[in-house]
Amino acid sequence: MTDDLACKITGSELEVMKLLWQSNSALSITEFREKLQESKGWEPATIKTLVSRLVSKGAIRQEKRNVFYYSALISETEYNTWATGDLIRRLYNGSARKLVSALVHSDDLTKEDIEELQKMFTVEE
């Protein structure tokens, strides 16, 4: 996956991608409609537009069976790795240390979260 592609995925398109990643299988446009109308309240035309944009961008593949089915060409791990790197570059001038420091000093982490982070950073010899 190129950085160029990942940064072109909008927030709404990311919701479509998340649905594909959660399903672990190709989805028809009908399945997209059922799930996204219920969870997001989106109109069918909006859903079709988002799916078409992702096909055009090369983020998902369209396959003709009895109807069209769509599957992800970008894995969730690939996207999350890019998004994390992008966050670090944009907000912390490329410093992962500053990101971790911000997390540790925030009120959002529990004592257990901090202990888990400490274990992750402890180097065993």
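Preceding this section is the structure that the text describes.
Model, not experiment: these values are computed from the prediction. (Residues numbered from 1 in each chain as written. Predicted model: local features only at pLDDT ≥ 70, side-chain atom pairs only at ≥ 80, totals over all residues. Heavy atoms only, no water.)

*Asks:* Break down the overall build of the chain for me, with residues and values.
*Replies:* Along the chain, the regular secondary structure elements total 7 helices and 3 strands. Listed by position from the N terminus, the elements making up the chain come as α-α-β-α-α-β-β-α-α-α. Its C-alpha atoms give the chain a radius of gyration of 18 Å, clearly above 14 Å, the size a compact globule of 125 residues would have. In terms of overall dimensions, the chain has a C-alpha envelope of 55 × 30 × 30 Å along the principal axes. (Helix = DSSP H or I, 4+ residues; strand = E, 2+ residues; numbered from the N terminus. Rg over C-alpha atoms; globule rule 2.2 N^0.38 Å.)

*Asks:* So what about the pattern of salt bridges? Which residues, and what values?
*Replies:* For the structure on display, the rule yields 5 salt bridges. In this structure, the salt-bridge partner of K40 is E15, at a minimum N-O distance of 3.2 Å. With K40 in helix 3 (residues 29-40) and E15 in helix 2 (residues 11-23), the pair connects residues that are 25 residues apart, well separated along the chain. Taking relative accessible area as the criterion, E15 reaches 22% and is therefore assigned partly exposed. Connected through salt bridges with shared partners, the residues E15, K18 and K40 form a single ionic network. (Salt bridge = Lys/Arg side-chain N within 4 Å of Asp/Glu carboxyl O. Buried < 20%, exposed > 50% of the residue type's maximum accessible area, 1.4 Å probe, protein only.)

*Asks:* How would you summarise the pairing of strand 3 (residues 68-72) if you had to cite specific residues and measurements?
*Replies:* With 2 bridges joining them, strand 1 (residues 27-28) and strand 3 adopt antiparallel strand pairing. Bridge assignment links S28 to a residue of strand 3, and that residue is Y69. Taking the residues that link successive antiparallel strands as the turn, the strand 2 (residues 60-64)-strand 3 hairpin has 3 residues. (Pairing = 2+ DSSP bridges.)

*Asks:* Explain the nonpolar core residue by residue, including any values.
*Replies:* Residues V16, M17, F32 and V51 are the most contacted members of the largest nonpolar core, which totals 22 residues. The biggest single contributor to this core is helix 2, with 6 residues. Sequence-distant contacts of F32, defined by excluding residues within four places in its chain, comprise V16, L19, L20, L27, Q37, I47, V51 and Y70. (Core = buried A, V, L, I, M, F, W, Y, C linked by side-chain atoms within 4.5 Å. Contact = heavy atoms within 4.5 Å.)

*Asks:* Describe in detail unusual backbone geometry, supporting the description with residues and values.
*Replies:* Phi at N24 takes a positive value of approximately 60°, unusual for a residue other than glycine. Its location among the elements puts N24 in the loop between helix 2 and strand 1. Owing to a relative accessible area of 71%, N24 belongs among the exposed residues under this scheme. The backbone of N93 shows a phi angle near 50°, a positive value even though the residue is not glycine. As for its position among the elements, N93 is in the loop between helix 5 (76-92) and helix 6 (96-104).

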